[in-house]
Amino acid sequence: MKPIDQEFDSESEIEDGSEMTFLEHLEELRWHLVRAIGSIAVFAVLAFIYIREIYDLVILGPSSPTFWTYRMMCKLSEKTGFADLCVDKINFTLQSREVGGQFTMGLTASLMIGLLFAFPYAFWELWRFIMPGLRPSERRAARGAVFFVTTLFFAGVLFGYYIVSPLALNFLANFQLDPRIVNEFDITSYISTLATLTLGCGLTFQMPIAAFVLSKIGILTPQFMRAYRRHALVVILVVAAVITPSPDIYSQILVAIPLALLYEVSIWVSGYVQRLRLKDEQALMKDGYDD
C-alpha cells in the first residue's frame, strides 16, 4: 500500500511519470466537480422524496413551542426563576402566497439539505484536487483537514439550528409594534431566515480553519491575535447581538461563549502553524550548514 503522499502524487501525474499539463489539470478538476455536484444531487433527490417528513420534523420544528430548545429553556426557567426564559407560545403563522410557492420551497429545501449532507464528500473531492499541489510539510500540517472542516461545519450547523435560530425566531415573532398587527410570515421568508442563520453558523465555526490558512500564508500570527483579544471579544459580543436580536442578555452570552472559545482555539492553531514554520526553517538552516 502506498503512503498517502505518494498516492496523491500519483494522481497528479500521467501514466508515463511526466507532470500533468494545464488542460489535464482542468479535466481532473472537472471530474472532481462532477462527482461533488453528483453527490449533492443524490442527497437532494432523497430529501425531496421525504420532504413532507423533513418539513414536519426539521424545518418547521423551531416554529413550534414543543421544539427541544424551547422545552430546555422552560426547564432552565424553572430552575433559575427567570420566567422570561420560558417560551410557551410562538406568535406567528406561516402562509404561502404564490401558486407554486410550496412546490418551489420543497425543491429549495431539498437542494439545501442535499448540500448539507453531501458537504463532507464534496469537500473531500475538492481536497483531493488541491492536495497534490501542496509541499510535503504542508500536507503533514493539513492532515485531517477534511475531518476538522466537516466536524466544525456540522457543529456550527447544529448550534445555528438548535440555539441561534430558535432564539432569533422567538424574538422576531413576539416583537410587535402594535397588537393589531398580526405576524403572518411567508414560508419563503421563514426558510430563508432559518437557512441563513443555520448555514451562517456553519461557516462561522470555520474560524480555526481560516486562522490556519491565514497563518500559513503569513498574514496572521498568534502574537497578533493575543494582542487584539479584547478587541475580538467586543466584536464577538456585537456579532452575538446581531445574530440574536433578542434583548435578553442570556441569549447573547449563550451565543458569544462558543465564538469566544473558537477564537481561543484559533490562537492555538495559529501558534501550531508558527511552530511548524520555525521547525522547517531550522531544518533548512541545518541542511545549509551541513552542505
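Residues numbered from 1 in each chain as written. Predicted model: local features only at pLDDT ≥ 70, side-chain atom pairs only at ≥ 80, totals over all residues. Heavy atoms only, no water.

Asks: Describe helix α7 (residues 145-174), naming the residues involved and giving the relevant values.
Replies: Residues separated by three or four positions in an α-helix point in the same direction, a consequence of the helix having 3.6 residues per turn. Spanning 30 residues, α7 covers 42 Å between terminal C-alpha atoms, matching the ideal 44 Å at 1.5 Å per step. At Gly160, α7 shows its strongest bend, of approximately 40 degrees. (Helix = DSSP H or I, 4+ residues; strand = E, 2+ residues; numbered from the N terminus. Expected span 1.5 Å × (residues − 1). Bend = angle between axes of the 7 residues up to and from the residue.)

Asks: Give me the lowdown on helix α9 (residues 207-216), citing residues and values where you can.
Replies: Within the span of α9, buried status applies to Pro208, Ala211, Phe212 and Ser215. The arc that holds every buried residue of α9, seen down its axis, measures 100 degrees, which confines them to one face. (Buried < 20%, exposed > 50% of the residue type's maximum accessible area, 1.4 Å probe, protein only. Arc of directions from axis to C-beta.)

Asks: Explain the nonpolar core to me, using residue names and the numbers behind them.
Replies: In this structure, Tyr55, Ile59, Tyr70, Phe159, Tyr190, Ile191 and Val255 are the most contacted members of the largest nonpolar core, which totals 42 residues. Looking at this core, the elements that each hand over two or more residues are α3 (51-59), α4 (68-80), α5 (101-130), α7, α8 (187-204), α11 (229-243) and α12 (249-290). In terms of residues, this core owes the most to one element, α7, which gives nine residues. (Core = buried A, V, L, I, M, F, W, Y, C linked by side-chain atoms within 4.5 Å.)

Asks: Could you give an account of the packing of α4 against α7, with specific residues and numbers?
Replies: Packing of α4 against α7 brings their axes to within 9 Å, and their N-to-C directions diverge by 80 degrees. Viewed along their axes, α4 and α7 adopt a mutual orientation that is roughly perpendicular. Between α4 and α7, the residues in contact are Trp68, Thr69, Tyr70 and Met73 and Tyr162, Pro166, Leu167, Leu169 and Asn170, respectively. Of the residues assigned to the contact of α4 with α7, the class counts are seven nonpolar, two polar and no charged. (Axes fitted to C-alpha atoms, helices over the stretch in contact; angles between N-to-C directions. Parallel < 35°, antiparallel > 145°, perpendicular 65-115°, else oblique. Contact = heavy atoms within 4.5 Å. Nonpolar A, V, L, I, M, F, W, Y, C, P; charged D, E, K, R; others polar.)

Asks: Can you tell me about the side chain of Thr150, naming the residues and giving the values?
Replies: Residue placement: Thr150 occurs in helix α7. Contact partners of Thr150, with chain neighbours within four places excluded, come to Phe119 and Pro120.

Asks: If you had to explain a nonpolar patch on the surface to someone new, which residues and values would you point to?
Replies: The grouping of Val42, Phe43, Val45, Leu46, Ile49, Tyr50 and Phe117 at the surface amounts to a nonpolar patch, some 690 Å² of accessible area in total. Ranked by the residues each element gives to the nonpolar patch, the list is headed by helix α2 (residues 22-49), at five residues. Tracing the chain through its elements places Tyr50 in the loop between α2 and α3. (Patch = residues over 30% accessible without salt bridge, like charges linked within 9 Å, V, L, I, M, F, W, Y side chains within 5 Å. Areas by Shrake-Rupley, 256 points an atom, 1.4 Å probe, with all protein chains shown as cover. Salt bridge = Lys/Arg side-chain N within 4 Å of Asp/Glu carboxyl O.)

Asks: With reference to specific residues and values, describe the pattern of salt bridges.
Replies: As enumerated under the stated definition, the model contains six salt bridges in all. Linking Glu125 and Arg128 is a salt bridge whose minimum nitrogen-to-oxygen distance equals 3.5 Å. Placement of both Glu125 and Arg128 in helix α5 is noted, with a separation of three residues, approximately one turn of the helix. Residue classification places Glu125 among the buried positions, given a relative accessible area of 1%. In this structure, Arg229 engages Glu264 in a salt bridge whose closest nitrogen and oxygen atoms are separated by 2.9 Å. Taken together, the residues Arg229 in helix α11 and Glu264 in helix α12 connect sequence positions 35 residues apart. A relative accessible area of 28% means that Arg229 is categorised as partly exposed.

Asks: Let's hear about the layout of surface pockets: which residues, and what values?
Replies: Put simply, the second largest pocket is a space of about 490 Å³. Elements supplying a minimum of two residues to the lining of the second largest pocket: α3, α5, α7 and α8. Tallied by class, the residues present in the lining of the second largest pocket amount to 17 nonpolar, one polar and no charged. (1 Å grid on protein atoms, 1.4 Å probe; cavity = no way out; pocket = protein on both sides within 12 Å on 5 of 7 lines; lining within 4 Å. Points joined across faces, edges and corners; volume = space filled by probe spheres on them.)

Asks: Kindly report on the packing of aromatic side chains, identifying the contributing residues and their values.
Replies: Tallying each qualifying case throughout the model produces 18 aromatic pairs. Taking the centre distance of 5.7 Å and the plane angle of 10 degrees together, the rings of Phe67 and Tyr162 count as stacked. Of this pair, Phe67 sits in the loop between α3 and α4 while Tyr162 sits in helix α7; the two residues are 95 residues apart in sequence, bridging distant segments of the chain. Three or more aromatic residues link up through ring pairs in this structure, and these residues are Phe67, Trp68, Tyr70, Tyr161 and Tyr162. Stacked on the ring of Trp31, the Lys or Arg Arg30 has its end atom at 4.8 Å from the ring centre. The cationic tip of Arg128 hangs over the ring face of Trp124; the distance from NZ or CZ to the ring centre is 4.8 Å. (Phe/Tyr/Trp six-rings, centres within 6.5 Å; stacked < 30°, edge-to-face > 60°. Lys NZ or Arg CZ within 6 Å of the ring centre and 35° of its normal.)

Asks: Please give an account of the environment of Ser96 that cites residues and values.
Replies: Relative to the assigned elements, Ser96 resides in the loop between β1 (93-95) and α5. According to the relative accessible area criterion, Ser96 is partly exposed, its value standing at 30%. Between the C-alpha atom of Ser96 and that of Thr188, which follows or precedes it by 92 residues, the distance is 7.7 Å. Beyond its immediate chain neighbours, meaning those up to four positions away, Ser96 contacts Gly101, Gln102, Asp186 and Ile187.

Asks: Requested: an account of the packing of α7 against α8, with residues and values cited.
Replies: One can describe the packing of α7 onto α8 by two numbers: an axis separation of 6 Å at closest approach and a directional angle of 140 degrees. Of the possible angle classes, the one that applies to α7 and α8 is oblique. In this structure, the crossing between α7 and α8 has a hand that is right-handed. Two secondary-structure elements touch here, α7 through Leu152, Phe153, Gly156, Val157, Phe159, Gly160, Tyr161, Val164, Ser165, Ala168 and Leu169 and α8 through Tyr190, Thr193, Leu194, Leu197, Thr198, Leu199, Cys201 and Gly202. Of the residues that constitute the contact of α7 with α8, the class distribution is 13 nonpolar, six polar and no charged. (Left-handed = near helix turned anticlockwise from the far one by under 90°.)

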